[in-house]
Amino acid sequence: MPHGKPAGIPCVQLLPDMRCAIFGQPERPAVCSSLRPTNEMCGVNRDEAMTYLTALENRTQPDWTVGRDR
Ligand code: SF4
């Protein structure tokens, strides 16, 4: 995804079975390779992980009002 992955949009490398299509390959982004999952991040099931991820995405949304004329 040359222009970055927008929040809420699955990565193009995500396979239908939720595995990474380029895991272990040099093309895998550094941010993915360096990520060390934690219990807080993963929770005990997919729903908890998605809740955590959604909260992160919401908290890191760009402030579209900065620099804009109103
Ligand atoms: S590990 Fe990175 S490249 Fe692989 S599916 Fe997830 S976000 Fe995409």
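See the structure above.
This text gives an overview of the structure that appears in the document. The structure displayed is predicted, hence computed values, not measured ones.

## Remarks on the pattern of salt bridges
Consideration 1: Applying the stated rule across the entire model yields two salt bridges.
Consideration 2: Of the charged contacts in the structure, one is a salt bridge between K5 and E57, with a shortest N-O distance of 3.7 Å. Taken as a pair, K5 in the segment before α1 (30-34) and E57 in helix α3 (residues 46-59) lie far apart in primary sequence, 52 residues in all.
Consideration 3: Owing to a relative accessible area of 40%, K5 belongs among the partly exposed residues under this scheme.
Consideration 4: For E57, a relative accessible area of 19% puts it in the buried group.

## What to know about the side chain of R28
Consideration 1: Its place among the elements puts R28 in the segment before α1.
Consideration 2: Buried charge R28 goes without a salt bridge, the closest partner of opposite sign being E27 at 9.7 Å.
Consideration 3: Excluding anything up to four places from it in sequence, R28 contacts C20, I22, F23 and S33.

## Section: a nonpolar patch on the surface
Consideration 1: Residues M1, I9 and V12 make up a contiguous nonpolar surface patch of about 260 Å² in total accessible area.
Consideration 2: The exposure class of V12 is exposed, given its relative accessible area of 55%.

## Topic: α3
Consideration 1: End to end, α3 covers 20 Å across 14 residues, agreeing with the expected 20 Å (1.5 Å per residue, within 8%).
Consideration 2: The distance from a side-chain oxygen at the start of α3 to the backbone nitrogen of D47 is 3.2 Å, and the residue carrying that oxygen is N45.

## A short note on the site of the ligand
Consideration 1: Around the ligand, the neighbouring residues are C11, Q13, L14, C20, I22, R28, P29 and C32.
Consideration 2: Residues belonging to the shell around the ligand are distributed by class as follows: six nonpolar, one polar and one charged.

## Description of unusual backbone geometry
Consideration 1: Positive phi outside glycine occurs at M18, with the angle close to 70°.
Consideration 2: In this structure M18 comes out as partly exposed when scored by relative accessible area, which is 48%.

## Thoughts on the environment of S33
Consideration 1: Counting through the fold element by element, S33 comes out in helix α1.
Consideration 2: The partly exposed category is assigned to S33, whose relative accessible area is 35%.
Consideration 3: Separated by ten residues in the primary sequence, S33 and F23 place their C-alpha atoms 8.4 Å from one another.

Reading the values: rules and limits
- Residues numbered from 1 in each chain as written.
- Predicted model: local features only at pLDDT ≥ 70, side-chain atom pairs only at ≥ 80, totals over all residues.
- Heavy atoms only, no water.
- Salt bridge = Lys/Arg side-chain N within 4 Å of Asp/Glu carboxyl O.
- Helix = DSSP H or I, 4+ residues; strand = E, 2+ residues; numbered from the N terminus.
- Buried < 20%, exposed > 50% of the residue type's maximum accessible area, 1.4 Å probe, protein only.
- Lys, Arg positive; Asp, Glu negative; His and termini not counted.
- Contact = heavy atoms within 4.5 Å.
- Patch = residues over 30% accessible without salt bridge, like charges linked within 9 Å, V, L, I, M, F, W, Y side chains within 5 Å.
- Areas by Shrake-Rupley, 256 points an atom, 1.4 Å probe, with all protein chains shown as cover.
- Expected span 1.5 Å × (residues − 1).
- Polar contact = N/O pair within 3.5 Å; in protein donor to acceptor, adjacent residues only side chain to side chain.
- Near = heavy atom within 4 Å.
- Nonpolar A, V, L, I, M, F, W, Y, C, P; charged D, E, K, R; others polar.

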